[in-house]
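Topology and contacts: notes
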Number of protein chains: 2
Amino acid sequence: MMDSCIVYTIIYSFLISLKGSIVKDIIQPKLLKGFRDSLPSTESIRKHIIAKLEKVFTLSGFLPIDTPAIEYSEILLGKSGGETEKQVYKFMDQGEREVALRFDLTVPFARFLAQHRNEILLPFKRYHIAKVWRGEKPHSGRYREFMQCDFDVVGSDTASADIEIALLMYRSMKTLGIQEFKIHVSHRGIFNALLDVLDLHDQSVDILRLVDKIKKIGEKAVKEELSSITDKKSCAAILEFIVPAPTFAETLAKVKKLVSAENPHVQRMTEISSLLEEIGIANFFYFDTSITRGLDYYTGIVFETFLSGCSEIGSVCSGGRYDNLVSVYSKEEIPGVGASVGLDRLIAALESLGQLPPVPSGADVLITCIDESIIGHSHKIAEILRSENISVEVFPSKKKLASQFTFAEKKNIPLAIIIGEQEKQQDAVNIRDLRKRENHDHLMLNEAIVIIKELLNP
Amino acid sequence: MMDSCIVYTIIYSFLISLKGSIVKDIIQPKLLKGFRDSLPSTESIRKHIIAKLEKVFTLSGFLPIDTPAIEYSEILLGKSGGETEKQVYKFMDQGEREVALRFDLTVPFARFLAQHRNEILLPFKRYHIAKVWRGEKPHSGRYREFMQCDFDVVGSDTASADIEIALLMYRSMKTLGIQEFKIHVSHRGIFNALLDVLDLHDQSVDILRLVDKIKKIGEKAVKEELSSITDKKSCAAILEFIVPAPTFAETLAKVKKLVSAENPHVQRMTEISSLLEEIGIANFFYFDTSITRGLDYYTGIVFETFLSGCSEIGSVCSGGRYDNLVSVYSKEEIPGVGASVGLDRLIAALESLGQLPPVPSGADVLITCIDESIIGHSHKIAEILRSENISVEVFPSKKKLASQFTFAEKKNIPLAIIIGEQEKQQDAVNIRDLRKRENHDHLMLNEAIVIIKELLNP
């Protein structure tokens, strides 16, 4: 309906032109490497998980936004240019503008904030669930198109806002039925303060990169590489810092010793620790000083979430605090804190834990067709059942009843209704429970509705 | 978390590099022409409408799928090429593959069907709600990025499947609270049969194009232009055909006279007419023989939906039946019937009718902050309220109470909770109804929950 004539002409000429030469000209259906379709079984589960997360977000007053998939390259990439841009899908549009597909939801959010500053009340809490694209080398579990699910509070540099994000991460996991997980937290400001204390500020990029690899290459390898950058004493201090103690309190005590209890970042972390205790969720948090979130732009608390029993999958929800999100687009300083659920990774984790929600059935009831002359009556009954919140599929043409039952079973539809001319005359229906292979025959429609509801929710 | 180092390096170097020269180097935040952001007020309403439509679809056993936004150009455009492709966003990816952004959801669905034929059970009912992109000249109400919402039944060429789509269109409108609407139906096969009867098959493209313009240029202009293509008798027959009679039955009678009652397409339309009567929704349908759906690929029934009181907006839900969707990608013939809700147009129509759902409030309750030392207690109470399905925002730092009330009012939050150290000690809260400016002071939390629920749903 939004369809303009020109686009239809494409499709039309395309379909028609090939009509005479179908066999010769078939185009092999295929997808680009790193891209995939989502069949109903997968897509239903994805929608189910997204709905649960959205419920968590809105219960905390986070509201949805959306931004375009395509923006000016300059807006998305700044003037950085060079080798690093290679992952981003960039091209010239019809008007010879340099455009790009968004590669994350953070940069568009920064642009959005600067652009709509007058329409937005701070503190502003938004979530954004949308696809992003990156032309990375695709490998197991990593795709060129994937969905991100970001939530941020901007306009408040407080422990309260930090805790709000921590709570959302906690509640997201709980809501999805995940019982055993740990949210690892650290603080980039404290790490930088340590480097300042050790007078290693200039080597910070190399050191961050190295620390970030500790989970991959191990403590010993990090130590070896560190000693080539720093002196022995600094190396020992960094190692002491990044290897966390067993409890939050002990790690906090160590950090106070290595940096300073007066450091504002250490104080913030102390405050967060008390808040976690007071709210009663401290058990789910672990002060993990080895976490730096790599080279990204965080300046405060950082988060990563690990599920017990699937360490190979990595963090399923990560984020942190940044001093100023919009500096590229505005003179105003807007601090923020947020996190992002890695939906595909989360689904993979739930799958490996056997905790994926069951694939929803195609419908609750299949109204079979044994007499095409009463199909109108079948649709009428279907509409009545739907008004009772029962999902109904009507088989569209006559076929052996056994095949229709098989169809229902393959689509995971638990109940079938069988109606012939006689039932139509008497306003009756026969129900078959396909799971138990039991019949409930000759029921008036009102009775049938009651029985269907009982059979669906015993 | 899905974020690779390289992309972070982009953002990092981008944000950091500009840090020293903020004032000079600010990038003006702006969007490409034809694209737009969706602020929370709009996005909440869009999500609300989509959720209602999804409920309609799943109640009829339609299941969701998704496909990539980017595909091989050849797959999306076939080998057509030429002038017509200009609207499609096409580019070379990092691997020098010619790729394009999808411009509708029908072509990807055809490819999907052919590719996953072995995983799919026919008849197959799917819905797909996703963005598409077209580099059209943007003008009022037409954007380069917009959302489509398609639903189709494939694998069944029956009146039952046709009626299923008609029912979904009907129920979509009803569910959105639209009372007055008409779904105009016609049949492309019947129109073609008329052209065959008149021996005008070769001029069909010109005639279709002309008939399609009747609502725009009027009957008289169409007549004039028609007479330059056909003889007087044919011209009269076409005009008689395309100007519908007042009732479905009368138009059907006329069509039988002009074409033939024995024509299978006329018989299908007769069957559909009886089904609409039997199901009891015939009042919402109008046999409008002027509808052709332009040059597109329909071969059977076609649909357009018009809302009373906003004729200027055009059809908000259109579709039809096609003989064979997958011929480009497969030798198998799979017939189908489907329709597409024009979400943006529908929202515009609801807005002009004053029937948009109200903008949801930012939250049910704002827990104000008058003492930062008890923020942990506030978050604790917030979590308890959320577990009661009450959405809660916690104001993150101390500010004048009046400003916090104003903040809540601007965000459409109806209730505020005020807690100080004394209330914390006594496990009490004070509630303020910001709408009525009434206080409910010193309530135990359990009492408070009851009162909040009453105040929210009086």
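Scope of this entry: the structure provided in the associated data block. (Residues numbered from 1 in each chain as written. Chains lettered and ligands numbered in written order. Predicted model: local features only at pLDDT ≥ 70, side-chain atom pairs only at ≥ 80, totals over all residues.)

Let's shift gears to the overall build of chain A. From N to C terminus, chain A includes 17 helices and 16 strands. Principal-axis analysis of the C-alpha atoms gives chain A an extent of 90 × 55 × 45 Å. The 458 residues of chain A split such that 47% are buried. (Helix = DSSP H or I, 4+ residues; strand = E, 2+ residues; numbered from the N terminus. Buried ≥ 20, exposed ≤ 12 C-beta atoms within 10 Å, placed from the backbone.)

This brings us to unusual backbone geometry. All names here are of chain A. The step from Leu122 to Pro123 runs through a cis peptide bond, and the omega angle for that step is -5 degrees. Mapping Pro123 onto the fold places it in the loop between helix H5 (106-115) and strand S5 (124-133). Phi angles above zero are rare outside glycine, and Asn412 is one such case at about 65 degrees. For Asn412, a count of 14 C-beta atoms within 10 Å puts it in the partly exposed group. Even without a glycine there, the phi angle at Arg437 is positive, about 55 degrees. Counting through the fold element by element, Arg437 comes out in the loop between strand S15 (428-433) and strand S16 (438-444). Residue classification places Arg437 among the exposed positions, given that 8 C-beta atoms sit within 10 Å.

Judged by nonpolar contacts, the single largest core of 205 residues is most densely connected at Ala110(A), Leu113(A), Ala166(A), Met169(A), Ala110(B), Leu113(B) and Met169(B). If sequence neighbours within four positions are ignored, Leu113(B) has contacts with Ile120(B), Val154(B), Leu325(B), Val326(B) and Ile334(B). (Core = buried A, V, L, I, M, F, W, Y, C linked by C-beta atoms within 7 Å. Contact = placed C-beta atoms within 7 Å.)

This part takes up the relation of the copies chain B and chain A. Placing chain B over chain A gives an RMSD of 0.1 Å and needs a rotation angle of 180 degrees, together with 0.0 Å of translation along the axis. What the rotation and shift describe, once combined, is the action of a two-fold rotation axis. Among all C-alpha atoms of chain B, that of Phe91(B) lies closest to the rotation axis, at 3.0 Å. The overlap is high: 100% of the interface residues of chain B also sit at the interface in chain A, so the same surface is used on both sides. (Least-squares fit on C-alpha atoms with pLDDT ≥ 70 in both.)

Its 16 residues place the ends of helix H9 (residues 214-229) of chain B only 16 Å apart at the C-alpha level, less than the 22 Å of an ideal helix rising 1.5 Å per residue. The sharpest bend along H9(B) reaches about 70 degrees and sits at Lys220(B). (Expected span 1.5 Å × (residues − 1). Bend = angle between axes of the 7 residues up to and from the residue.)

Take helix H7 (residues 188-197) of chain A next. Taken as a whole, H7(A) has its buried residues at Arg188(A), Gly189(A), Ile190(A), Phe191(A), Leu194(A) and Leu195(A). One or two positions beyond H7(A), positive phi appears at Asp199(A), with a value near 60 degrees.

Bringing the pairing of strand S6 (residues 145-154) of chain B into the picture now. All names here are of chain B. Burial analysis of S6 places nine of its ten residues in the buried class, which makes it a mostly covered element. Across seven bridges, the pairing between S6 and strand S11 (residues 336-342) is antiparallel. Across the sheet, residue Asp152 finds its bridge partner in S11, namely Gly338. (Pairing = 2+ DSSP bridges.)

What follows deals with the sheet that holds S15(A). To summarise the sheet geometry, strands pair through backbone hydrogen bonds and adopt either a parallel or an antiparallel arrangement. All names here are of chain A. Ordered in space as S13-S12-S14-S15-S16, the five strands form an open sheet in which the pairing is mixed. The strands lining the two open edges of the sheet, one partner per strand, are strand S13 (392-394) and S16. Pairwise comparison of adjacent strand axes, ignoring direction, gives a mean angle of 25 degrees for this sheet. Here strand S12 (residues 365-367) pairs with S13 via three bridges, running parallel. Across the sheet, the residue bridging to Val365 is Val392, located in S13. With respect to the sheet, helix H14 (residues 375-387) is in contact with S12, S13 and S15, its orientation differing from that of S13 by roughly 170 degrees. (Axes fitted to C-alpha atoms, helices over the stretch in contact; angles between N-to-C directions.)

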